[in-house]
Amino acid sequence: MSLSHLYKQTSSLLRGFKGIGILSKLRASDSVSGLSVLNWNKIPPRNSFSTGSLSHVDREGNTAETTFDFTDENYEKIENILKKYPRNYKSSAVIALLDLAQRQCGGWIPLAAMNQVAKILEMPPIRVYEVVTFYSMFYREPIGKFNVQVCCTTPCMIRGAYDILRAIESKFNLEPGGNSPDMMFHLEEVECLGACVNAPMMQVNDEYYEDLTVESAIRVLENLRDNKVVKVGPQNGRHQCVGIQGKTTLLSEPSGPYCRSLETEETKRAS
Ligand code: FES
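Throughout what follows, the structure given in this document is the object of discussion. From a predicted model like this one, the values you see are computed outputs, not experimental measurements. (Residues numbered from 1 in each chain as written. Predicted model: local features only at pLDDT ≥ 70, side-chain atom pairs only at ≥ 80, totals over all residues. Heavy atoms only, no water.)

With respect to the pattern of salt bridges
Next, step 1: Considering all chains together, one arrives at 8 salt bridges under this definition.
Next, step 2: Its salt-bridge partner being K90, residue E122 comes within 3.1 Å of it at the nearest N-O pair. Taken together, the positions of E122 in the loop between α5 (111-120) and α6 (125-134) and K90 in the loop between α3 (72-82) and α4 (94-104) put the pair 32 residues apart, joining distant regions of the chain.
Next, step 3: For E122, a relative accessible area of 63% gives the class exposed.
Next, step 4: R166 is the partner of E169 in a salt bridge, and the nearest nitrogen-oxygen pair spans 2.4 Å. Residue E169 and its partner R166 are located together in helix α8 (residues 161-172), separated by 3 residues, close to a single helical turn. (Salt bridge = Lys/Arg side-chain N within 4 Å of Asp/Glu carboxyl O. Helix = DSSP H or I, 4+ residues; strand = E, 2+ residues; numbered from the N terminus. Buried < 20%, exposed > 50% of the residue type's maximum accessible area, 1.4 Å probe, protein only.)

Notes on the packing of aromatic side chains
Next, step 1: Applying the stated criterion to the full structure yields 5 aromatic pairs.
Next, step 2: Ring centres of F68 and F70 lie 5.1 Å apart, and the angle between their planes is 80 degrees; on these two criteria the pair is classed as edge-to-face. Both residues of the pair, F68 and F70, belong to the buried class. (Phe/Tyr/Trp six-rings, centres within 6.5 Å; stacked < 30°, edge-to-face > 60°.)

Spatial relationships are all this shows, so hold off on functional conclusions.
Spelled out as structure tokens, the structure:
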């Protein structure tokens, strides 16, 4: 087997085996089971459909020694979240706590935050790492202030999603999976976000922007960057997902027969 063949096979195996990935802190100089010939730094850190490298790489502010703790305000939220689960199923709150950690850290989760979540939920840290590496909503490296997710599934694709994606790439100088040089934007190509009736659309942080054209998509992002007020939802003037010609049915009060009232004298007295 040639070296390049071995390299390709091992890289793809590591990308596919998410649970192990985060534990391996391999660098180019490391020698593990004779695989020291591989240049780990050459493994692309991201691809357009994922949230990044599956291996944890020590960086400033993100090592096993870095400390993290939730704010008092977030501890209050955690207390309320945990009330929703039986004490012996605390781990069910893992996604909610990771989301809190990610918001507190400005859009990404350092290793120390995952460890703190594991400690609070009394889970083995590996189980938290597995969740973070599995769900694409979690990021393990800093990302731009605005996380731009352009849906490119069929309805959006046939309505011009790739034109929008390419326009964003060239306008803000970034590519899917990457950040703009000023760290204002992070771009991703994603699968259906459930707003197909208003295709094409993109999600920026927690909001949807729909019925986009290349021009309106760029305008939305420029306005967000410049801290201007931006209308959420359809950008072509339609109301939510009502047809573009406006409401055409159910224009008057329904004439009946109406639903019968289930409230009787007896139920009234009981309540
Ligand atoms: S296909 Fe784009 S939101 Fe469903």
